[in-house]
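Listed below are the residues making up each chain.
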Amino acid sequence: MESSARRKKSNIILALDLPSDKPSRLLSRSFQILDSAHPYLCALKLNRQAVLPIGLFNGVQKIVQKAHGLGLPAIMDAKINDIGNTNRAIAQYYYEAGFDAVTANPFVGWDEGMQPVFEVAHKMKRGVIMLVYMSHKGAVEGYGQMVQDVATHQLVPQYRVFAEKALKWNADGAVVGATYPEKIREIRAVLRDKVSIYSPGVGAQGGDVEAAVKAGASYLIVGRAIVDAKDPIKTAEKIRDTAWQSVKRRSGKIG
Ligand code: XMP
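These numbers were taken from a predicted model, which means no experiment stands behind them.

J.: Help me out: how do you make sense of the overall build of the chain in this one?
T.: Looking only at helices and strands, one finds twelve helices and ten strands in the chain. Along the first, second and third principal axes, the C-alpha set of the chain runs to 50 × 40 × 30 Å. A buried classification covers 53% of the 255 residues belonging to the chain. For the chain, the share of sequence-separated contacts (at least 6 apart) that also reach a separation of at least 24 residues comes to 70%. Carbon and sulfur atoms make up 51% of the accessible area of the chain, which totals about 11900 Å². Of note, the chain has its 35 positive side-chain charges centred 5 Å away from the centre of its 24 negative side-chain charges.

J.: What exactly am I supposed to notice about the pairing of strand β2 (residues 43-46) here?
T.: A regular strand places its side chains on the two faces of the sheet in alternate fashion. Residues Ala43 and Lys45 point to one face of β2 and Leu44 and Leu46 to the other, with burial holding for every one of them. When strand β1 (residues 12-15) meets β2, the two strands line up parallel, connected through three bridges. When the bridges of β2 are listed, Ile13 appears paired with Ala43. Remark: the β1/helix α2 (residues 23-37)/β2 crossover connection has right-handed handedness. As defined by bridge partners, β2 adjoins strand β3 (residues 74-80) across three bridges and the pair is classed as parallel. For Leu44, the partnering residue across the bridge sits in β3 and is Ala74.

J.: What should I look at first to understand the pattern of salt bridges in this one?
T.: Between side chains of opposite charge, pairing is possible as soon as their charged atoms come close. Evaluation of the coordinates by the stated rule reveals eleven salt bridges. Its salt-bridge partner being Asp193, residue Arg188 comes within 2.9 Å of it at the nearest N-O pair. Residue class for Arg188 comes out buried when judged on its relative accessible area of 18%. Looking at Asp193, the relative accessible area reads 48%, which means it is partly exposed. When the shortest N-O distance is used, the salt bridge between Arg240 and Asp241 registers 2.9 Å. Take Arg240: its relative accessible area is 14%, and that puts it in the buried class.

J.: Just checking my understanding: could you explain the site of the ligand for this structure?
T.: Taken together, 17 residues sit near the ligand, with Asp17, Lys45, Ser135, Gly223 and Arg224 positioned nearest. A distance of 2.9 Å separates a nitrogen atom of the ligand from a polar side-chain atom of Asp77. For the ligand, an oxygen atom lies 2.9 Å from a polar atom in the side chain of Gln205. Considering the ligand on its own, with 510 Å² of exposed area, one finds that the protein chains cover 91% of that surface. At the level of elements, β3 and β10 (219-222) are the ones that each hand at least two residues to the shell around the ligand. Of the residues in the shell around the ligand, the class split is eight nonpolar, four polar and five charged.

Conventions adopted
- Residues numbered from 1 in each chain as written.
- Predicted model: local features only at pLDDT ≥ 70, side-chain atom pairs only at ≥ 80, totals over all residues.
- Heavy atoms only, no water.
- Helix = DSSP H or I, 4+ residues; strand = E, 2+ residues; numbered from the N terminus.
- Buried < 20%, exposed > 50% of the residue type's maximum accessible area, 1.4 Å probe, protein only.
- Contact = heavy atoms within 4.5 Å.
- Areas by Shrake-Rupley, 256 points an atom, 1.4 Å probe, with all protein chains shown as cover.
- Lys, Arg positive; Asp, Glu negative; His and termini not counted.
- Charge placed at Lys NZ, Arg CZ, Asp CG, Glu CD.
- Pairing = 2+ DSSP bridges.
- Right-handed = clockwise from strand over helix to strand, strands pointing away.
- Salt bridge = Lys/Arg side-chain N within 4 Å of Asp/Glu carboxyl O.
- Near = heavy atom within 4 Å.
- Polar contact = N/O pair within 3.5 Å; in protein donor to acceptor, adjacent residues only side chain to side chain.
- Nonpolar A, V, L, I, M, F, W, Y, C, P; charged D, E, K, R; others polar.

This is how it looks when you write it as structure tokens:
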């Protein structure tokens, strides 16, 4: 991700969430957007909104190959969240389809939860990005609740426990909503430069590009603001320019 961002002078990850359509049209529209917007992106992100209608090995794999051909890593926003055996199989399928990283939910814990995901990721030399604080309004009900830390018995916010797990498990990234710059700042203080922050929620969900980067987000995940725009290419360029200026103002460093 770091080398892609530096090469493309962009920290924008496109969330390619298209309105529902026939699989063949979803596929051709995905290619079209990637072909024209790729100069302003550092990576592509897909989620089940694409995998369900198109199919993982029928079409999504071709989108991933297309992204790779344009120099973009591909993230599967799978939010893996089951028992270890199932988690391992899910991660392995996505990696076999070519994804460079998957997102996963630390809520299931390590033993018989996340451990098999990290094991298969290491074996296949891919990444795992952990959810730490989601971008939507209801995030406070789960990620924001106060919980008793199992080890210390202290009351701490759930997201702090998740940030510490991301650090301990040596995750390749942490997701923190761009809609909560104060949480980005707080979580960044825990993760320091060891785990990069990926922030969705810019634009359609109300998050501000400059505030998120200033608070410590390394990468911004942007969907509807680009995909649903009248002119997706110009919009991607504009968001990229603003975000890249903010990165340069912050420290010139990505990661
Ligand atoms: P929009 O259209 O709001 O899309 O720009 C955002 C994209 O990011 C995903 N998303 C999240 N993924 N944790 C995640 O792992 C989050 O907190 C989160 N919030 C949004 C969403 O699925 C969409 O693709």
